[in-house]
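The residues making up each chain are set out below.
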Amino acid sequence: SMKNITRYGRTEMPKIDAAAIIVNHMIEELLARATRYANVRDYYDIGVIGYSGNETLSLLNNSDYERVFMNTQRIAETMPQPRSVVLNVIDDDGILHRDVFNIPFWADPVAAGASPLYDALVTTKGLIEAWCKDPKNKSCFAPIIFHISDGLGSDAEDSDVIQIANEIKALSLNGDNTILFNVYLATLGEG
């Protein structure tokens, strides 16, 4: 279903491509926020989990923390060559045109086979529990998770997915609960 077409801004593309652009742009933004005077500081631990077929796996190369998380300094060290992405944009005069954006792709998700959404959330819960228990993170803010999907999991009932999502949101660090955003990618024409 992630191969179905959605609209990213004013550009129609497969949902998986929209998800890849969103994730990699978010990583690029977090790196920019962690950079001061050309030095990337260790501000964030970033993990990207992909799921398709029968597997849930880290989409970042050289991940270390439980084989998923990388801090902003390591992310900067693994800066990939940017890819050109062509998007439809409206200029200041209100004219629609195509523009090329160069985006580094640390994470490159794949859409193939089933969508083990529930399994991915169970994996996420275990990773977040371990991260919150790690003594080096005790002075950090609680985790923030962005789940980007079309919501069409193939491995559980909706009630099971809601339950595990609530369990993830109940994980806390220093009394603050984990924040879980669900970003829904609709199929073009779905409404």
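As a reminder, the structure under discussion sits directly above these lines.
Residues numbered from 1 in each chain as written. Predicted model: local features only at pLDDT ≥ 70, side-chain atom pairs only at ≥ 80, totals over all residues. Heavy atoms only, no water.

**Examining unusual backbone geometry**
Logical step 1: Of note, Tyr 37 is a non-glycine position whose phi angle comes to about 55°, a positive value.
Logical step 2: Even without glycine at this site, Asn 174 takes up a positive phi of about 55°.
Logical step 3: Looking at the element boundaries, Asn 174 is found in the loop between strand E12 (172-173) and strand E13 (176-177). (Helix = DSSP H or I, 4+ residues; strand = E, 2+ residues; numbered from the N terminus.)

**Observations concerning helix H1 (residues 15-34)**
Logical step 1: Its 20 residues give H1 an end-to-end C-alpha distance of 29 Å, which sits within 8% of 28 Å, the value for a rise of 1.5 Å per residue.
Logical step 2: Those residues of H1 lying buried are Lys 15, Ile 16, Ala 18, Ala 19, Ala 20, Ile 21, Ile 22, Val 23, Asn 24, Ile 27, Leu 31 and Ala 34. (Expected span 1.5 Å × (residues − 1). Buried < 20%, exposed > 50% of the residue type's maximum accessible area, 1.4 Å probe, protein only.)

**Notes on the pairing of strand E9 (residues 82-90)**
Logical step 1: In this structure, E9 lies alongside strand E10 (residues 96-104), joined through 9 bridges in antiparallel fashion. Its bridge partner lying in E10, Ile 90 is registered against Leu 96.
Logical step 2: Two successive antiparallel strands, E9 and E10, enclose a turn made up of 5 residues, where Gly 94 displays a positive phi of approximately 80°. (Pairing = 2+ DSSP bridges.)

**Notes on the environment of Arg 98**
Logical step 1: With respect to the element layout, Arg 98 can be found in strand E10.
Logical step 2: You can call Arg 98 exposed: its relative accessible area is 59%.
Logical step 3: Along the chain, Arg 98 and Thr 11 lie 87 residues apart, while their C-alpha atoms are 9.1 Å from each other.
Logical step 4: Not counting residues up to four positions away in its chain, the partners in contact with Arg 98 are Val 86, Leu 87 and Asn 88.
Logical step 5: At 3.4 Å, the side chain of Arg 98 forms a polar contact with the side chain of Asn 88. (Contact = heavy atoms within 4.5 Å. Polar contact = N/O pair within 3.5 Å; in protein donor to acceptor, adjacent residues only side chain to side chain.)

**Describing the nonpolar core**
Logical step 1: The biggest cluster of nonpolar side chains holds 18 residues, and the ones touching the most others in it are Ile 27, Val 48, Leu 60 and Ile 75.
Logical step 2: Among the elements that line this core, the one with the most residues is H1, at 6 residues.
Logical step 3: If we skip the residues at most four places from it in the chain, Val 48 touches Val 23, Ile 27, Leu 57, Ser 58, Leu 59, Leu 60, Val 68 and Ala 107.
Logical step 4: Counting residues in each nonpolar core, the second largest holds 17 residues, with Ile 128, Ile 145, Ile 164 and Leu 171 among its members. (Core = buried A, V, L, I, M, F, W, Y, C linked by side-chain atoms within 4.5 Å.)

**Side note on the packing of aromatic side chains**
Logical step 1: If you walk through the whole model with that rule in mind, you get 2 aromatic pairs.
Logical step 2: Note on Tyr 43 and Tyr 44: the rings are 6.1 Å apart at their centroids and 90° apart in plane angle, and the pair reads as edge-to-face.
Logical step 3: The class of Tyr 44 is partly exposed, set by a relative accessible area of 29%.
Logical step 4: Their ring planes at 10° and their centres at 5.0 Å tell us that Phe 146 and Phe 181 sit as a pair that is stacked. Highlighted residues: Phe 146 in strand E11 (residues 144-149) and Phe 181 in strand E14 (residues 179-184), separated in sequence by 35 residues.
Logical step 5: Owing to a relative accessible area of 41%, Phe 146 belongs among the partly exposed residues under this scheme.
Logical step 6: When the ring centre of Phe 105 is taken as reference, the NZ or CZ atom of Arg 83 above it lies at 4.4 Å. (Phe/Tyr/Trp six-rings, centres within 6.5 Å; stacked < 30°, edge-to-face > 60°. Lys NZ or Arg CZ within 6 Å of the ring centre and 35° of its normal.)

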